[in-house]
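# Geometric and topological summary
Okay, here's what each chain looks like letter by letter:
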Amino acid sequence: MKLTLKIWRQKNSESKGQMVSYEIDNISPDMSFLEMLDVLNARLILEDDDPISFDHDCREGICGSCSLFINGQAHGPDRRITTCQLHMRKFKDGDTIYVEPFRAKAFPVIKDLVIDRSAFDRIQHSGGYISVNTSGNTQDANSIPINKEDADNAFDAATCIGCGACVATCKNSSAMLFVGAKISQYSLLPQGKTEASRRVLNMVNQMDLEGFGNCSNTGACEVECPKGISLDNIARMNRELLKASLKK
Amino acid sequence: MPKKKLTYSLNYRRPKSEYSPDDELTICIRYYHKCNQTKKTKIIKKSTGVRCMLKDWNSDWHKNSDRSPVKSSDPFHKKKNNILKKKVKDFDIQHLYSNVENESSSNYLKSNLPKGSIDLKWTNHKNTINLVSPANKRNIDIIVVGTGLAGGSACATLAELGYNVKAFCFQDSPRRAHSIAAQGGINAAKNYQGDGDSVYRLFYDTVKGGDYRSREENVYRLAEVSANIIDQCVAQGVPFARDYGGLLDNRSFGGVLVSRTFYAKGQTGQQLLLGAYSAMNRQIARGKIKMYNRHEMLDVVIVDGKARGIITRNLINGELERHSAHAVVLATGGYGNVFYLSTNAMGSNVTAAWKAHRRGAFFANPCFTQIHPTCIPVSGDHQSKLTLMSESLRNDGRIWVPKKLEDVNAIRNGSKKPTEISEEDRDYFLERRYPAFGNLVPRDVASRAAKERCDAGFGVNKTGEAVYLDFASSILRYGKEQARIKGEDENNNELIKKFGKEIIRKKYGNLFQMYEKIVDQNPYETPMMIYPAVHYTMGGIWVDYNLMTTIPGLYAIGEANFSDHGANRLGASALMQGLADGYFVLPYTIGDYLSDEISTGPIANDTKEFMLAEKEARDKLDMLVNNKGTKSVDYFHKRLGKIMWNKCGMARNKKDLQSAIAEISKLRKEFWSEVKVPGSQFEFNEELAKAGRVADFLELGELFAKDALNREESCGGHFREEYQTKEGEATRKKEFQFVSAWEYVGEPKNAILHKEKLDYKNIEVKERSYK
Ligand SMILES: Cc1cc2nc3c(=O)[nH]c(=O)nc-3n(C[C@H](O)[C@H](O)[C@H](O)COP(=O)(O)OP(=O)(O)OC[C@H]3O[C@@H](n4cnc5c(N)ncnc54)[C@H](O)[C@@H]3O)c2cc1C
Ligand code: SF4
Ligand code: FES
């Protein structure tokens, strides 16, 4: 396959960026999108050009590092996958492909396609845990049965990989899906109930401080989320928030 | 007292005749003694690190009066001889004697095993080691490099106990450590299924699975604390799979006959890591952990023989930083990426471990690597990594190739589909060769069996390197069961298939999706194609029972150490080990060392040792970016990977290993003269980070091959073609029942071997059989 790539290049967080055009040939449909960028980078290095920086690590859709906005869609055209799981067979010979970083005020660009998502970490610091000591002196794991449905729903919420596609997709750059997923996981489990109010108040507060926008219920985030985190999680978080605010 | 004698000798690594007079060699101190009990003479060598040319070596030195082995033709003979004399004087004979009686341990490796019966050792040890009081913990800093399961759990617990923790990872968040990718599950001796599991059985399975090459005491402790891990994780909100009664569910993994594996669909590692990450977050919020994301450790700093800090590079702006502490913990994962293609994450590296090795930490069993049987086959030259299909799939998938070569050919040229091959024309080779364990034999056995079939020409993809993993019969079995439960027609094939697929989707949905995205085939309809790939490294930094390396104050936990899995790891045991080390072992054992540090005060980070280490790191980076080479880092990494896979892979032999050592050594030289790294040091520069990692892989690879060459037996993941039975099974040798711990003295091929003999008092060492 022969392709034209228009890629966002930005030297560092201070400099201004721009789209730069690259032609690339001999791309096999079995390659992953990132492998295609590897091929381009190998060429740029030999041509004394600066290779394109992008985040990636596991390359199997679980670490949440990769974060490309491809042809106007977070993680590209395919559904329920991350950028690293996107394969070139989803494109046609002669296509022009636009590649940009995930954009949001809370995610400043570090270089090219690499962004700073530490805002997500800080939200988790503010309450994304259950306050239990790790000494091992706790009760037997089977002492509290949890009904399967709750356990499964908690699991589904917990599969969020913290990639930020939801934020990049949302026109308000809202992080509600990400935060809602964490709140839901804990609110569905008996272990998480004790601190529920404090958790939701703190995490939502931190989310606002980081500069993420509000949710206007468009649902775009759910569509682009590689892990299929559903809007129910936002609804559950809003219920938790209401409960907690009433208690206050 | 045994008789003793000290002499010098040259360290010949090849036959003497192959050396020319200008070849350089290392001089060793050789120490002879006769053991009281056995009366056998034992020679112990200790390298001095002093090098001379063969022609400058005085072979008659011991007859001369001045007793100086380096001749005056060597321009530095005076200095060198002085060093040697001093080394002889310092040679720690007392230390040797204390171990002489105990033939089980090498003279340099003190494993610090507690006394008593195996089931009481850990308890006794905890009761007798030194503790640090809560007030004093506040004054002690600990560096933890790595935030995977091992590092993340260690950080959380150490901080909770009151120590000040500085944590480092190269990703942008601790939550992205490679542990996140673990799929299948975590073992624990809970016996929730009532199928006869126990601490002893988990211990037994792990030692046997490791082919009797791991330390009994460590493994027993691991089995002992395993149950606690599950309690801990559930309390943290880890959503393990449950049954309809609300209790925890289990599955089975290879090499065992009980169901003891806890899981969260195919994302167990993710859920456990997010658990450890949440525990870390709680401590970060309290200010007890200071987290350094996007930081890569480039060296450890040793001050007065103790590990006192690290040098890191901030990957965003390229600045080097010096960090000091009272102790350093390495939790930096495995080195499978020395093969270039592996199931490890792209950034997984050996740099931290290798730099520690260069500073004096012995590296144990580097050649013990796990090649996992069920991975997605290589599709072309562009391939950047391989994807695992979890071992849990072998619970329900059956592995086969066609019996007839004409069917193989028909499949390869597309004229036949695998589903068109009839039952009697299929060779379920694992079920055929190992009826007792069938598709659930351990990984080393399954991988070799697949290779054997493919080598014989039965591979089912274009390259001939793939076998089938087939779910059709499970789909039918589950479908029928569901039809019965739901009161539907058991003979309605379509319905049964639909029900069966639903069950399979519930169990392995994400894995099937992953497969489909990569291969573009639907594994619910056609069997998966799989082939073995490098997955895990059992070898790693040598540690004692306290998880301390041979450098005082430097610890290694998780996949980075060598301790628990011997020559082969059982499925779902790495997660168990990582969390056991981090939550339950290290936080206690480290106190024993730190109890001596309570009055040390803060460690300065501007002493000459720190400055020197920083300068060395800086020089290396300078060399890389200023090199005017013509080849990319990946070019060298790929070539190294090819050598490793072809010559140090699933089957090894003497000739290939020898040539691997020579080739890697040559490639390393080429790398340093030909590599091209774009950009500068002081910016975000992934190529530069990669170059540093590949430079270290190029050294490790050589030691790896040397270790494999040295181990003249087959065991676990290490298969030497010379040592096999007529049926192609591994031949183990009693005389190799030891841990190889290598000491760095310069070129990896000159590393010096120390043996830690392994004693089995609680398990009978048997021929390992899964038939
Ligand atoms: C695909 C896959 C599936 C697996 N499935 C299972 C399973 O089902 N069950 C099981 O028991 N095991 C499984 N394993 C094995 C298991 O996941 C690993 O052995 C284990 O997670 C290793 O954990 P760790 O904490 O030791 O290291 P890692 O999780 O690899 O963490 C290493 C950490 O060190 C940091 N680091 C590394 N080098 C540096 C450096 N130079 N400077 C700074 N930081 C550094 C990294 O940033 C990271 O935080 C699987 C492995 C793979 C590859
Ligand atoms: S909710 Fe979905 S899109 Fe948002 S961070 Fe999590 S996985 Fe990514
Ligand atoms: S690289 Fe890990 S999710 Fe894409």
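Reading the values: rules and limits
Residues numbered from 1 in each chain as written. Chains lettered and ligands numbered in written order. Predicted model: local features only at pLDDT ≥ 70, side-chain atom pairs only at ≥ 80, totals over all residues. Heavy atoms only, no water. Helix = DSSP H or I, 4+ residues; strand = E, 2+ residues; numbered from the N terminus. Rg over C-alpha atoms; globule rule 2.2 N^0.38 Å. Buried < 20%, exposed > 50% of the residue type's maximum accessible area, 1.4 Å probe, protein only. Contact = heavy atoms within 4.5 Å. Areas by Shrake-Rupley, 256 points an atom, 1.4 Å probe, with all protein chains shown as cover. Lys, Arg positive; Asp, Glu negative; His and termini not counted. Charge placed at Lys NZ, Arg CZ, Asp CG, Glu CD. Near = heavy atom within 4 Å. Polar contact = N/O pair within 3.5 Å; in protein donor to acceptor, adjacent residues only side chain to side chain. Nonpolar A, V, L, I, M, F, W, Y, C, P; charged D, E, K, R; others polar. Phe/Tyr/Trp six-rings, centres within 6.5 Å; stacked < 30°, edge-to-face > 60°. Buried area = accessible area lost by both parts, 1.4 Å probe. Salt bridge = Lys/Arg side-chain N within 4 Å of Asp/Glu carboxyl O. Pairing = 2+ DSSP bridges. Axes fitted to C-alpha atoms, helices over the stretch in contact; angles between N-to-C directions. Expected span 1.5 Å × (residues − 1). Arc of directions from axis to C-beta. Domains from an automatic or database assignment. Parallel < 35°, antiparallel > 145°, perpendicular 65-115°, else oblique. pLDDT = per-residue confidence, 0-100.

## Regarding the overall build of chain B
Counting its regular elements, chain B contains 19 helices and 22 strands. At 27 Å, chain B has a C-alpha radius of gyration in line with the 28 Å of a compact globule built from 771 residues. Along the longest, intermediate and shortest principal axes, the C-alpha atoms of chain B span 95 × 65 × 60 Å. Burial analysis of chain B (771 residues in total) assigns 63% to the buried set. Counting contacts in chain B only where the partners sit at least 6 residues apart, residues at least 24 apart contribute 71% of the total. Entry remark: accessible area of chain B is about 28300 Å², with carbon and sulfur atoms responsible for 50%. Positive and negative side-chain charges of chain B, numbering 117 and 94 respectively, have mean locations separated by a distance of 4 Å.

## Here's the deal with the site of ligand 1
Around ligand 1, the surrounding shell holds 37 residues, and the nearest of these are Q171, S179, G184, M297 and E559 of chain B. More than a single chain frames ligand 1: its nearby residues are located in chains A and B. In this structure, G184 of chain B approaches ligand 1 through a main-chain N or O atom, which is 2.7 Å from an oxygen atom. The side chain of E559 of chain B places a nitrogen or oxygen atom 2.6 Å from an oxygen atom of ligand 1. For ligand 1, the accessible surface in isolation is 1000 Å², of which the surrounding protein chains cover 98%. Listing elements by their share of the shell around ligand 1, those giving two or more residues are α5 (149-161), β9 (295-303), β18 (528-537) and α15 (574-594) of chain B. Ranked by residue count, the leading element in the shell around ligand 1 is β9 of chain B, at 3 residues. Among the residues making up the shell around ligand 1, the classes are represented as 15 nonpolar, 18 polar and 4 charged.

## A closer look at the packing of aromatic side chains
What describes a pair of aromatic rings is the distance from one ring centre to the other and the angle between the planes of the rings. Within the structure shown, the criterion is met by 33 aromatic pairs over all chains. Each ring, one from F33 of chain A and one from F91 of chain A, has its centre 5.8 Å from the other, and the planes form 40 degrees; the classification is tilted. Linking F33 of chain A in helix α1 (residues 33-46) with F91 of chain A in the loop between β4 (73-74) and β5 (96-101), this pair joins segments that are 58 residues apart in sequence. Residue classification places F91 of chain A among the buried residues on the basis of a relative accessible area of 7%. When the ring of F671 of chain B is compared with that of W672 of chain B, the centres are 5.4 Å apart and the planes differ by 90 degrees; the resulting orientation is edge-to-face.

## Considerations on the interface of chain B and chain A
At the interface, 76 residues of chain B touch 71 residues of chain A. Across the chain B to chain A interface the summed buried area is about 6100 Å²; carbon plus sulfur atoms make up 50%. Of all residues in chain B, the largest losses of buried area upon contact with chain A belong to R176, R242 and K517 of chain B, amounting jointly to 11% of the total for that side. Summed over the shared surface of chain B and chain A, the number is 8 salt bridges. Among the salt bridges present, the one from K676 of chain B reaches D48 of chain A, with a minimum N-O distance of 2.7 Å. Elements represented by at least two residues in the side of chain B that touches chain A include exactly α5, α7 (216-235), α8 (268-285), α14 (493-519), α15 and α19 (686-710) of chain B.

## Let's talk about the sheet that holds strand β5 (residues 164-168) of chain B
All names here are of chain B. Strands sit in the order β8-β5-β4-β12-β20 across an open sheet of 5 strands; the sheet is parallel. Pairing within the sheet leaves two strands with one partner each, and these edge strands are β8 (289-292) and β20 (554-556). Put simply, the sheet's adjacent strands are angled 20 degrees from each other on average, direction ignored. Across the sheet, α8 lies against β5 and β8, angled at about 110 degrees from β8, the strand it touches most.

## Examining the site of ligand 2
Residues and elements named next belong to chain A. Residues in contact with ligand 2 amount to 13 residues; listed here are only the nearest, C160, C163, G164, C166 and C225. The set of elements that each furnish at least two residues to the shell around ligand 2 consists of α4 (165-169) and α5 (176-187). Residues that form the shell around ligand 2 fall into these classes: 11 nonpolar, 2 polar and no charged.

## Quick notes on helix α13 (residues 472-486) of chain B
Residues and elements named next belong to chain B. Here α13 spans 21 Å end to end across 15 residues, near enough to the 21 Å set by a 1.5 Å rise per residue. Among the residues of α13, S474, I475, Y478, G479, Q482 and A483 are the ones counted as buried. Seen along its axis, α13 keeps its buried residues to an arc of 165 degrees; they face one direction. Note on α13: the residue one or two positions beyond its end, G487, has a positive phi of about 70 degrees.

## Points about the domain arrangement of chain B
With domains assigned, chain B is organised as domain 1 (7-99), domain 2 (118-334 + 536-594), domain 3 (377-534) and domain 4 (607-750). If you average the C-alpha positions of domain 1 of chain B and of domain 2 of chain B, the two centres end up 41 Å apart.

## Remarks on the domain arrangement of chain A
Residue and element names in this part refer to chain A. Taken as a whole, chain A is organised into domain 1 (3-111) and domain 2 (117-247). Distance from the C-alpha centre of domain 1 to the C-alpha centre of domain 2: 29 Å. On the side of domain 2, 21 residues touch domain 1, which itself brings 23 residues to the contact. Both sides together, the interface formed by domain 1 and domain 2 hides about 1600 Å², and carbon and sulfur atoms give 57% of it. By the criterion of area lost to domain 2, the three top residues of domain 1 are R80, A106 and F107, representing 34% of everything that side buries. Connecting domain 1 to domain 2 are 2 salt bridges. Taking the shortest distance from any N to any O, the salt bridge between E224 and R79 comes out at 3.7 Å. Put simply, domain 1 and domain 2 have 4 residue pairs in polar contact (both at pLDDT 80 or more) between them.

## Focus on the packing of helix α2 (residues 118-125) of chain A against α8 of chain B
Between α2 of chain A and α8 of chain B, the shortest axis-to-axis distance is 8 Å and the interhelical angle comes to 80 degrees. Viewed along their axes, α2 of chain A and α8 of chain B adopt a mutual orientation that is roughly perpendicular. Listed contacts from α8 of chain B to D121, Q124 and H125 of chain A of α2 of chain A are Y277, N281, I284 and A285 of chain B. Residues of the contact of α2 of chain A with α8 of chain B, tallied by class, amount to 3 nonpolar, 3 polar and 1 charged.

## Concerning unusual backbone geometry
All names here are of chain B. The residue N365 is not glycine, and still its phi comes out positive at about 45 degrees. With respect to the helices and strands, N365 occurs in the loop between β13 (363-364) and β14 (369-375). Although it is not a glycine, A572 sits at a positive phi angle of roughly 70 degrees. Counting through the fold element by element, A572 comes out in the loop between β20 and α15. In this structure A572 comes out as buried when scored by relative accessible area, which is 4%.

## Observations regarding the pattern of salt bridges
Residue and element names in this part refer to chain B. On inspection of all chains with the given rule, the structure shows 80 salt bridges over all chains. A salt bridge links D205 to R260; the shortest N-O distance between them is 3.0 Å. In this pair, D205 is assigned in helix α6 (residues 199-209) and R260 in the loop between α7 and β7 (261-262), connecting sequence segments 55 residues apart. Accessibility expressed as a relative area gives 3% for R260, which makes it buried.

## What about the confidence of the model for chain B?
All names here are of chain B. On average, chain B scores 92 in pLDDT, and the residues at 70 or more come to 94%. In this model residues 93-106 is a low-confidence stretch, pLDDT under 50, and it forms 34 contacts with partners more than four residues away in sequence or in other chains. Among the scores for the predicted complex, ipTM is 0.98 and pTM is 0.90.

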